[in-house]
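Observations on the three-dimensional arrangement
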Amino acid sequence: AQSVTQLGSHVSVSEGALVLLRCNYSSSVPPYLFWYVQYPNQGLQLLLKYTTGATLVKGINGFEAEFKKSETSFHLTKPSAHMSDAAEYFCAVSPSGGYQKVTFGTGTKLQVIP
Amino acid sequence: DAGVIQSPRHEVTEMGQEVTLRCKPISGHNSLFWYRQTMMRGLELLIYFNNNVPIDDSGMPEDRFSAKMPNASFSTLKIQPSEPRDSAVYFCASSSRETEAFFGQGTRLTVV
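First, a word on scope: everything that follows refers to the structure included in this document. (Residues numbered from 1 in each chain as written. Chains lettered and ligands numbered in written order. Predicted model: local features only at pLDDT ≥ 70, side-chain atom pairs only at ≥ 80, totals over all residues. Heavy atoms only, no water.)

Residue and element names in this part refer to chain B. A large share of strand β5 (residues 42–50) lies buried, amounting to 8 of its 9 residues. Here 3 bridges tie β5 to strand β6 (residues 53–56), and the two strands are oriented antiparallel to one another. What sits directly across from Phe 49, in β6, is Pro 54. Here β5 folds back onto β6, and the loop between the two strands holds 2 residues, one of which, Asn 51, carries a positive phi near 50°. (Buried < 20%, exposed > 50% of the residue type's maximum accessible area, 1.4 Å probe, protein only. Helix = DSSP H or I, 4+ residues; strand = E, 2+ residues; numbered from the N terminus. Pairing = 2+ DSSP bridges.)

Moving on, we get to the packing of aromatic side chains. If you walk through the whole model with that rule in mind, you get 13 aromatic pairs over all chains. Summarising the aromatic geometry, the rings of Tyr36(A) and Phe104(A) are spaced 5.5 Å apart at their centres and angled 55° between planes, so their arrangement reads as tilted. Taken together, the positions of Tyr36(A) in strand β4 (residues 31–38) and Phe104(A) in strand β10 (residues 103–104) put the pair 68 residues apart, joining distant regions of the chain. A centroid spacing of 6.2 Å and a plane angle of 75° characterise the contact between Phe91(B) and Phe103(B), whose relative ring orientation is edge-to-face. Of the two residues, Phe91(B) is situated in strand β9 (residues 88–95) and Phe103(B) in strand β10 (residues 102–103); the sequence distance between them amounts to 12 residues. Among the aromatic side chains, those forming a connected cluster through ring pairs are Phe34(A), Tyr36(A), Phe90(A), Phe104(A), Phe33(B), Tyr35(B), Tyr48(B), Phe91(B) and Phe103(B). (Phe/Tyr/Trp six-rings, centres within 6.5 Å; stacked < 30°, edge-to-face > 60°.)

As a further point, take the pairing of strand β5 (residues 44–50) of chain A. Residues and elements named next belong to chain A. Taken across its 7 residues, β5 has 5 buried, putting it largely inside the fold. Relative to β5, β4 runs antiparallel, the two being bridged by 6 bridges. Bridged to Val 37 within β5 is Gln 45. Two successive antiparallel strands, β4 and β5, enclose a turn made up of 5 residues, where Asn 41 displays a positive phi of approximately 60°.

The next point concerns the nonpolar core. Ranked by internal contacts, the top residues of the largest apolar core, which has 26 residues, are Trp35(A), Leu48(A), Phe74(A), Leu76(A) and Tyr89(A). Listed by contribution, the elements that provide at least two residues to this core are β2 (10–14), β3 (19–27), β4, β5, β7 (64–68), β8 (73–78), β9 (87–95) and β11 (108–113) of chain A. If we skip the residues at most four places from it in the chain, Tyr89(A) touches Gln6(A), Leu21(A), Trp35(A), Tyr36(A), Val37(A), Leu47(A), Phe63(A), Leu76(A), Gly107(A), Thr108(A) and Leu110(A). Membership of the second largest hydrophobic core comes to 21 residues, among which are Ala67(B), Leu77(B), Cys92(B) and Leu109(B). (Core = buried A, V, L, I, M, F, W, Y, C linked by side-chain atoms within 4.5 Å. Contact = heavy atoms within 4.5 Å.)

The next thing to look at is the interface of chain B and chain A. Residue-level contacts link 24 residues of chain B with 19 residues of chain A. When the two sides are added together, the surface that chain B and chain A hide from each other amounts to roughly 1,700 Å², 48% of it contributed by carbon and sulfur. Counting across the interface, chain B meets chain A through 1 salt bridge. On the surface where chain B and chain A come into contact, there are 5 residue pairs in polar contact (both at pLDDT 80 or more). A class-by-class count of the residues in the side of chain B that touches chain A yields 9 nonpolar, 9 polar and 6 charged. (Buried area = accessible area lost by both parts, 1.4 Å probe. Salt bridge = Lys/Arg side-chain N within 4 Å of Asp/Glu carboxyl O. Polar contact = N/O pair within 3.5 Å; in protein donor to acceptor, adjacent residues only side chain to side chain. Nonpolar A, V, L, I, M, F, W, Y, C, P; charged D, E, K, R; others polar.)

Given below as structure tokens:
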């Protein structure tokens with residue numbers, strides 16, 4: 001069984017400020033972990049993923065996330081928010097070894113204040 | 001590749017009518033997923049196929065919902081009869097053993 005918890009359904013940051021979106025997962029087997037972004041009226045787009053190897057993964061648009069097994073976390077960060085980062089972000093988990101049944105969190109809407 | 005293609009993009013139908021949503025996955029992907037997204041329930045996995053075979057349909061809400069994948073390049077999600085509470089955005093996604101899920105643009109369904 002696997003699940004994802006995203007803390008905070010809405011997060012607001014000022015333009016230029018640090019972005020931190022929290023994700024904790026539960027998985028009975030080693031996980032693959034993902035962050036997806038959804039812009040209004042669009043599908044989900046992959047930001048970054050962790051499968052194996054380096055625990056700090058870098059994605060598109062300056063985002064990165066760190067897999068912390070001891071904390072069962074995979075928080076998403078970006079040093080400096082841009083107006084174009086305003087979107088909804090989804091954390092997701094699947095069993096390692098493939099990309100079969102992916103379980104998504106409930107999403108966090110990021111608002112960037114000018 | 002054009003990505004995952006869903007049709008129609010928007011569908012408005014009357015309660016009781018049959019609705020069919022269509023999906024063309026990315027060529028070479030062997031897994032296909034149908035998701036439903038609503039404000040209240042977020043993103044829910046309805047069903048997923050592996051090599052055209054339904055593997056897990058535990059997310060299908062009722063018998064009014066059915067999904068088929070007659071071949072590797074086409075899948076349908078059918079609702080019969082439709083109800084207002086079925087109004088949502090329905091996403092199709094495909095993946096392979098080596099790549100993560102890629103999503104289509106979604107079909108916004110409104111049942112009046």
